[in-house]
Amino acid sequence: MQKYIPKMYKKNIFDINYEKLKNNGIKCILFDLDNTLLAVNSNTIDKKICSFVKKLKKDFSIYVISNNSSKKRLDIVANALKISYISFALKPLSFGFKKIIKEYGYKPCEMCIIGDQIVTDVFGGNRLGIFTILVEPLESKDLKITSVNRFIEKRIIKKMENLGKFQKGEFYE
Ligand SMILES: [Mg+2]
């Protein structure tokens, strides 16, 4: 169960304590795409997110790691934010994470993943010792492929709540 518990839990990417991450030795931030940076229905990155990521780049290397296989969609994001990405990352498998580790030379303890799904983002990051931050999904609408994950996620959350290890909507850092 421990592997499903995020190290930090916030409403959205703006509420995260980045100062704390920096002080804890995090150098590289991996953002999930769908429902973390961009609503599933949307194809344009918010200006607010653009300027926010620009600011974050002063302190961190930023990448997007997405299970989405649409390069077109990821290119829109990469161009808007001027960052590199990994598409079809197959989270929670380690393939995408390890690619970043190998290519850019970060240690897992210097990395964090920010995403809206426990089953892919949090579990995938925790498995490798990457600092994990769960955010609430931007919208309740998910990609079709995500519905199975959400079903599993609901059951995991229920278990964690029963054990007193996690409470939906009770944010912490
Ligand atoms: Mg997502």
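A brief look at the structure comes next. Computed from a predicted model, the values in this text were never measured in an experiment.

Structural notes on the overall build of the chain
Across its full length, the chain carries six helices and six strands. What you see for the chain is a C-alpha radius of gyration of 15 Å, in line with the 16 Å of a compact globule of 173 residues. Dimensions of the chain, computed from the C-alpha atoms along their principal axes, are close to 45 × 35 × 30 Å. Taking the contacts inside the chain whose residues are at least 6 apart along the sequence as the reference set, 65% of them involve residues at least 24 apart.

Let's talk about the nonpolar core
One recurring pattern in soluble globular proteins: nonpolar side chains tend to sit buried together. Core analysis: the largest hydrophobic core is formed by 38 residues, its most contacted members being Leu30, Val64, Val77, Cys112 and Ile114. Where this core is concerned, the elements lending two or more residues are strand S2 (28-31), strand S3 (61-65), helix H3 (71-81), strand S4 (84-86), helix H4 (95-104), strand S5 (111-115), helix H5 (118-128) and strand S6 (131-135). In contact with Val77, not counting residues within four places along its chain, are Leu33, Leu37, Leu38, Ile45, Val64 and Tyr85.

Looking at helix H6 (residues 146-162)
Counting along an α-helix, one turn takes 3.6 residues, and residues three or four places apart therefore face a common direction. For H6, built from 17 residues, the straight-helix expectation of 24 Å at 1.5 Å per residue is met to within 8% by its first-to-last C-alpha distance of 24 Å. Positive backbone phi, approximately 75°, marks Gly164, located one or two places after H6.

Definitions and limits used
Residues numbered from 1 in each chain as written. Predicted model: local features only at pLDDT ≥ 70, side-chain atom pairs only at ≥ 80, totals over all residues. Helix = DSSP H or I, 4+ residues; strand = E, 2+ residues; numbered from the N terminus. Rg over C-alpha atoms; globule rule 2.2 N^0.38 Å. Contact = placed C-beta atoms within 7 Å. Core = buried A, V, L, I, M, F, W, Y, C linked by C-beta atoms within 7 Å. Buried ≥ 20, exposed ≤ 12 C-beta atoms within 10 Å, placed from the backbone. Expected span 1.5 Å × (residues − 1).

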